[in-house]
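Structural overview
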Amino acid sequence: MNILDIIFWPIIVAIIIILGYLLYKWIMANQNTRGDFRMLVAIKRRQAGISRFIQMDVNEQAAHIKELEREWQALNNRFMSFGIFAKGFTTSGSGLPSGGEEDWAILGIYDLPDHDAFLNCKDVMDDDQFTPLRNHCDIRLISGERMESMENQIRRLF
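Nothing here was measured: the structure is a model prediction, and the numbers come from that model.

Let us now look at the overall build of the chain. The number of helices and strands found in the chain is five helices and four strands. Taken from N to C terminus, the helices and strands of the chain fall in the order α-β-α-α-β-β-α-α-β. Within the chain, buried positions represent 23% of all 158 residues. Contacts in the chain between residues far apart in sequence, at least 24 positions, make up 79% of those at least 6 positions apart.

Another point: the packing of aromatic side chains. The geometry of an aromatic ring pair is captured by the separation of the ring centres together with the interplanar angle, meaning the angle of the planes. With the rule as written, the count across this model stands at two aromatic pairs. Here the aromatic rings of F79 and Y110 are separated by 5.6 Å at their centres, their planes lie at 80°, and the arrangement is edge-to-face. Separated by 31 residues along the polypeptide, F79 in helix α3 (residues 58-80) and Y110 in strand β3 (residues 106-112) bring together distant segments of the chain. Per residue, the accessibility class of F79 equals that of Y110, and both read buried. Seen in terms of ring centroids, F85 and Y110 are 5.2 Å apart; in terms of plane orientation they differ by 75°. Their pairing is edge-to-face.

With that settled, the discussion passes to the pattern of salt bridges. Tallying each qualifying case throughout the model produces five salt bridges. A salt bridge links D138 to R46; the shortest N-O distance between them is 3.9 Å. Of this pair, D138 sits in strand β4 (residues 137-145) while R46 sits in the loop between β1 (37-45) and α2 (47-55), and the two are 92 residues apart along the sequence. R46 sits in the partly exposed class, given a relative accessible area of 34%. Of the charged contacts in the structure, one is a salt bridge between E67 and R70, with a shortest N-O distance of 2.5 Å. Placement of the pair is E67 and R70 together in helix α3, with a separation of three residues, close to one helical turn. What you see here is one network of salt bridges that share partners, running through R46, D138 and R140.

What counts as what
- Residue positions are given per chain, counting from 1 as you read along its sequence in written order.
- Selection of residues for local features in this predicted model requires a pLDDT of at least 70, selection of side-chain atom pairs for listing and counting requires 80 or more, and totals for whole chains, interfaces and linings are taken over all residues.
- Remark: hydrogens and water are excluded; side-chain values derive from all non-hydrogen atoms of the structure.
- The helix and strand labels rest on DSSP assignments: H or I over at least four residues marks a helix, E over at least two residues marks a strand, and numbering proceeds from the N terminus.
- Summary of the burial criterion: residues with accessible area below 20% of their type's maximum are buried, those above 50% are exposed, and those between are partly exposed, where the area comes from a 1.4 Å probe applied to protein chains only.
- Whether two residues are in contact is decided by their heavy atoms: any pair within 4.5 Å suffices.
- Here a Phe, Tyr or Trp ring, Trp counted by its six-membered ring, pairs with any other such ring whose centre lies within 6.5 Å, and the pair is stacked when the planes are under 30 degrees apart, edge-to-face when over 60, and tilted otherwise.
- When a carboxyl oxygen of Asp or Glu is within 4 Å of a side-chain nitrogen of Lys or Arg, the pair counts as a salt bridge.

Below, the structure written as C-alpha coordinates:
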(Lines give C-alpha, C1' and ligand atoms only; values in the text may rest on other atoms or scores of the structure.)
Protein backbone atom coordinates (compact mmCIF):
# COMPACT_ATOMS: atom_id res chain seq x y z
CA MET A 1 0.00 0.00 0.00
CA ASN A 2 1.47 3.30 -0.95
CA ILE A 3 0.92 6.76 0.49
CA LEU A 4 -1.44 7.70 -2.35
CA ASP A 5 -3.86 4.89 -1.39
CA ILE A 6 -3.80 5.97 2.26
CA ILE A 7 -4.80 9.54 1.34
CA PHE A 8 -6.97 8.88 -1.75
CA TRP A 9 -9.53 6.33 -0.44
CA PRO A 10 -10.51 8.18 2.77
CA ILE A 11 -11.06 11.35 0.73
CA ILE A 12 -13.25 9.49 -1.80
CA VAL A 13 -15.26 7.88 1.02
CA ALA A 14 -15.68 11.26 2.75
CA ILE A 15 -16.85 12.88 -0.51
CA ILE A 16 -19.41 10.10 -1.08
CA ILE A 17 -20.74 10.45 2.47
CA ILE A 18 -21.00 14.25 2.16
CA LEU A 19 -22.74 14.04 -1.23
CA GLY A 20 -25.15 11.44 0.14
CA TYR A 21 -25.96 13.67 3.12
CA LEU A 22 -26.50 16.72 0.88
CA LEU A 23 -28.75 14.71 -1.45
CA TYR A 24 -30.78 13.49 1.54
CA LYS A 25 -31.19 17.06 2.87
CA TRP A 26 -32.18 18.34 -0.59
CA ILE A 27 -34.82 15.62 -1.02
CA MET A 28 -36.24 16.23 2.46
CA ALA A 29 -36.34 20.01 1.90
CA ASN A 30 -38.20 19.62 -1.41
CA GLN A 31 -40.91 17.34 -0.05
CA ASN A 32 -44.23 18.96 0.74
CA THR A 33 -44.97 18.95 4.43
CA ARG A 34 -48.32 17.72 5.60
CA GLY A 35 -48.91 20.66 7.88
CA ASP A 36 -51.85 21.07 10.22
CA PHE A 37 -54.33 22.29 7.62
CA ARG A 38 -56.59 20.48 5.22
CA MET A 39 -58.66 21.57 2.29
CA LEU A 40 -61.82 19.78 1.21
CA VAL A 41 -62.74 20.07 -2.46
CA ALA A 42 -66.39 19.22 -3.05
CA ILE A 43 -67.79 19.04 -6.58
CA LYS A 44 -71.34 18.65 -7.84
CA ARG A 45 -73.02 19.14 -11.19
CA ARG A 46 -74.82 22.35 -12.04
CA GLN A 47 -78.25 21.94 -13.60
CA ALA A 48 -77.46 24.65 -16.16
CA GLY A 49 -74.31 22.79 -17.20
CA ILE A 50 -76.23 19.51 -17.54
CA SER A 51 -78.95 21.24 -19.61
CA ARG A 52 -76.34 22.67 -22.01
CA PHE A 53 -74.61 19.29 -22.17
CA ILE A 54 -77.82 17.46 -23.10
CA GLN A 55 -78.44 19.87 -26.00
CA MET A 56 -75.05 19.05 -27.58
CA ASP A 57 -74.62 16.34 -30.17
CA VAL A 58 -72.52 13.26 -29.35
CA ASN A 59 -69.27 14.65 -30.80
CA GLU A 60 -69.68 17.95 -28.94
CA GLN A 61 -70.40 16.07 -25.71
CA ALA A 62 -67.23 13.98 -26.09
CA ALA A 63 -65.16 17.10 -26.79
CA HIS A 64 -66.78 18.93 -23.86
CA ILE A 65 -66.06 16.08 -21.44
CA LYS A 66 -62.47 15.90 -22.67
CA GLU A 67 -62.04 19.64 -22.11
CA LEU A 68 -63.56 19.48 -18.61
CA GLU A 69 -61.26 16.57 -17.71
CA ARG A 70 -58.24 18.52 -18.98
CA GLU A 71 -59.25 21.56 -16.93
CA TRP A 72 -59.82 19.46 -13.81
CA GLN A 73 -56.40 17.84 -14.21
CA ALA A 74 -54.80 21.29 -14.57
CA LEU A 75 -56.68 22.57 -11.51
CA ASN A 76 -55.75 19.49 -9.49
CA ASN A 77 -52.08 19.91 -10.46
CA ARG A 78 -52.19 23.54 -9.35
CA PHE A 79 -53.71 22.52 -6.00
CA MET A 80 -50.98 19.91 -5.58
CA SER A 81 -48.33 22.60 -6.10
CA PHE A 82 -49.47 24.05 -2.75
CA GLY A 83 -50.09 20.82 -0.85
CA ILE A 84 -50.36 17.07 -1.03
CA PHE A 85 -53.44 15.21 -2.27
CA ALA A 86 -54.35 13.07 0.74
CA LYS A 87 -57.58 11.26 -0.09
CA GLY A 88 -60.61 11.43 -2.26
CA PHE A 89 -63.61 9.50 -3.48
CA THR A 90 -66.70 9.77 -5.59
CA THR A 91 -70.00 9.44 -3.82
CA SER A 92 -71.56 6.95 -6.23
CA GLY A 93 -70.58 3.48 -5.11
CA SER A 94 -69.32 4.80 -1.77
CA GLY A 95 -72.53 4.50 0.16
CA LEU A 96 -73.59 8.10 -0.29
CA PRO A 97 -76.46 9.04 -2.59
CA SER A 98 -75.58 10.51 -5.94
CA GLY A 99 -77.57 11.39 -8.99
CA GLY A 100 -79.36 14.64 -8.29
CA GLU A 101 -78.20 18.21 -8.75
CA GLU A 102 -78.07 18.65 -4.98
CA ASP A 103 -75.70 15.69 -4.44
CA TRP A 104 -71.95 16.20 -4.16
CA ALA A 105 -70.35 13.78 -6.61
CA ILE A 106 -66.60 14.13 -5.91
CA LEU A 107 -64.84 14.83 -2.63
CA GLY A 108 -61.08 15.35 -2.32
CA ILE A 109 -58.85 16.22 0.63
CA TYR A 110 -55.50 17.99 0.37
CA ASP A 111 -52.94 18.40 3.16
CA LEU A 112 -51.72 21.99 3.20
CA PRO A 113 -48.74 23.45 5.07
CA ASP A 114 -50.54 26.65 6.14
CA HIS A 115 -53.61 28.81 5.65
CA ASP A 116 -51.82 30.85 2.96
CA ALA A 117 -51.71 27.72 0.79
CA PHE A 118 -55.50 27.51 1.09
CA LEU A 119 -55.81 31.16 0.02
CA ASN A 120 -53.53 30.44 -2.94
CA CYS A 121 -55.78 27.53 -3.94
CA LYS A 122 -58.81 29.84 -3.78
CA ASP A 123 -57.01 32.33 -6.04
CA VAL A 124 -56.19 29.54 -8.51
CA MET A 125 -59.82 28.43 -8.45
CA ASP A 126 -60.93 31.93 -9.47
CA ASP A 127 -58.54 32.00 -12.46
CA ASP A 128 -60.30 32.65 -15.79
CA GLN A 129 -58.72 29.48 -17.19
CA PHE A 130 -61.15 27.41 -15.12
CA THR A 131 -64.34 29.34 -15.97
CA PRO A 132 -65.80 26.55 -18.19
CA LEU A 133 -65.20 24.01 -15.42
CA ARG A 134 -66.85 26.29 -12.84
CA ASN A 135 -69.78 26.88 -15.22
CA HIS A 136 -70.41 23.15 -15.54
CA CYS A 137 -69.63 22.16 -11.94
CA ASP A 138 -70.14 23.73 -8.54
CA ILE A 139 -66.73 23.44 -6.88
CA ARG A 140 -66.32 24.39 -3.23
CA LEU A 141 -63.06 24.75 -1.35
CA ILE A 142 -63.36 24.42 2.41
CA SER A 143 -60.50 24.99 4.84
CA GLY A 144 -60.16 22.87 7.93
CA GLU A 145 -57.78 21.35 10.43
CA ARG A 146 -56.26 17.91 10.52
CA MET A 147 -58.17 15.70 12.94
CA GLU A 148 -55.27 13.68 14.32
CA SER A 149 -56.86 13.86 17.73
CA MET A 150 -60.61 13.41 18.02
CA GLU A 151 -60.52 15.15 21.38
CA ASN A 152 -63.25 17.82 21.74
CA GLN A 153 -64.40 17.44 18.11
CA ILE A 154 -67.99 16.55 19.01
CA ARG A 155 -68.22 19.40 21.53
CA ARG A 156 -67.76 21.84 18.65
CA LEU A 157 -71.17 20.78 17.36
CA PHE A 158 -72.90 22.08 20.50
